[in-house]
Amino acid sequence: KEINDDELMEKSWRNVPFDTAREELAKKFQEETKNVESQVREKYEVEAEDHWEKFYVKNKGKFFKDRNYLDTQFAELKLDEEGKSKMNGWKVMEVGCGTGCTLFPMLESHPDTFFYVFDFSKEAVEVLKQNEKYDEKKCKAFVCDVNTQSLPDFIEPESLDMIIMVFVLSAINPDDMNAVLQKLYKVI
């Protein structure tokens, strides 16, 4: 089914007003979560990779559904009137690619775009590479912890047209977000 712009905006969170009640709820949540013991936080940060590895060993590529909706939710990803990509020749990087739930739908709708995709889970990247849709002529998948490692040298400064991060910032300690975003900003 085709989704027109009115339907798209109706289903989008972009137009949801952030009223006083929502603001108070957000402040309350922020206050409640601010006091998480640093030892607990550090434990989960240190063990995060192990938890994700176990998750992907158990679930492979069967847990998350393909994100076929991205083309309808973001104007930059929308296809033109003829159903063609506006991103021909672009280089796009996805941070936290998992097993390819974003990559594979994007490859389908944007076939002339090259994708660099990475995750800090070796198992997730391995599952992604084993997918029959994975094509090294159209994408390069690799393992990287954006929080603690540099991006590889083959991603040069100011070489990308777009960076996609779906549910990634929520997994990064707020104290580290600025450094991570600065690192990514250098390549776009």
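Residues numbered from 1 in each chain as written. Predicted model: local features only at pLDDT ≥ 70, side-chain atom pairs only at ≥ 80, totals over all residues. Heavy atoms only, no water.

**Some words on the overall build of the protein**
In terms of helices and strands, the protein carries seven helices and four strands. Sequence-ordered secondary structure for the protein, helices as α and strands as β, is α-α-α-α-β-α-β-α-β-β-α. Partitioning the intrachain contacts of the protein with sequence separation of at least 6 by distance along the chain shows that 69% fall at a separation of at least 24. For the protein, the exposed area adds up to about 12900 Å²; of that, 51% sits on carbon and sulfur atoms. (Helix = DSSP H or I, 4+ residues; strand = E, 2+ residues; numbered from the N terminus. Contact = heavy atoms within 4.5 Å. Areas by Shrake-Rupley, 256 points an atom, 1.4 Å probe, with all protein chains shown as cover.)

**With respect to the side chain of Ser-85**
Inspection of the secondary structure assignment puts Ser-85 in the loop between helix H4 (70-73) and strand S1 (91-95). Here the side chain of Ser-85 touches Met-87 through a polar contact of 2.9 Å, landing on its backbone nitrogen. Among the polar contacts made by the side chain of Ser-85, one reaches the side chain of His-110 at a distance of 2.5 Å. Each residue touching Ser-85, except ones within four places of it in the same chain, is listed here: Leu-79, Ser-109, His-110 and Thr-113. (Polar contact = N/O pair within 3.5 Å; in protein donor to acceptor, adjacent residues only side chain to side chain.)

**Comments concerning the pairing of S1**
Burial of S1 is extensive: four of the five residues sit out of reach of the surface. Pairing of S1 with strand S2 (residues 114-119) involves five bridges; the strand directions are parallel. From the neighbouring strand, Val-95 faces S2, where its bridge partner is Phe-118. (Buried < 20%, exposed > 50% of the residue type's maximum accessible area, 1.4 Å probe, protein only. Pairing = 2+ DSSP bridges.)

**What to know about the sheet that holds S2**
Taken in spatial order, the four strands of this open sheet run S3-S2-S1-S4, and their pairing is parallel. The outermost strands of the open sheet, each flanked by one partner alone, are strand S3 (139-143) and strand S4 (162-165). Adjacent strand axes in the sheet meet at a mean angle of 15°, parallel and antiparallel pairs treated alike. Sheet topology note: the S2/S3 ladder contains five bridges and is parallel. Residue pairing in the sheet places Asp-119 in a bridge with Val-143 of S3. Packing of helix H6 (residues 122-130) onto the sheet brings it into contact with S2 and S3, and relative to S3 it is tilted by some 155°. (Axes fitted to C-alpha atoms, helices over the stretch in contact; angles between N-to-C directions.)

**Here's the deal with the nonpolar core**
Counting 19 residues, the largest nonpolar core has Leu-103, Phe-115, Val-117 and Leu-128 as the members making the most contacts within it. At four residues, helix H5 (residues 103-109) tops the list of elements feeding residues into this core. Sequence-distant contacts of Val-117, that is, excluding residues within four places in its chain, are made with Glu-94, Cys-97, Leu-103, Leu-128, Lys-140, Ala-141 and Phe-142. One finds Met-93, Val-95, Ile-155 and Ile-172 within the second-largest nonpolar core, a separate group that totals 15 residues. (Core = buried A, V, L, I, M, F, W, Y, C linked by side-chain atoms within 4.5 Å.)

**Comments concerning the pairing of S2**
Here S2 lies mainly inside the structure; five of its six residues are buried. In the classification by handedness, the crossover that spans S1, the intervening H5 and the parallel S2 is right-handed. Handedness of the crossover joining S2 and S3 through H6: right-handed. (Right-handed = clockwise from strand over helix to strand, strands pointing away.)

**Quick look at the pattern of salt bridges**
Within this structure, the stated rule accounts for two salt bridges. One salt bridge in this structure joins Asp-19 and Arg-22, with 3.9 Å as the shortest N-O distance. Note on Arg-22: relative accessible area 37%, which makes it partly exposed. Between Glu-23 and Lys-27 there is a salt bridge whose closest N-O contact spans 3.4 Å. Taken as a pair, Glu-23 and Lys-27 lie in helix H2 (residues 20-34) at a separation of four residues, close to a single helical turn. In this structure Glu-23 comes out as partly exposed when scored by relative accessible area, which is 35%. On the basis of relative accessible area, Lys-27 is assigned to the exposed category, the value being 51%. (Salt bridge = Lys/Arg side-chain N within 4 Å of Asp/Glu carboxyl O.)

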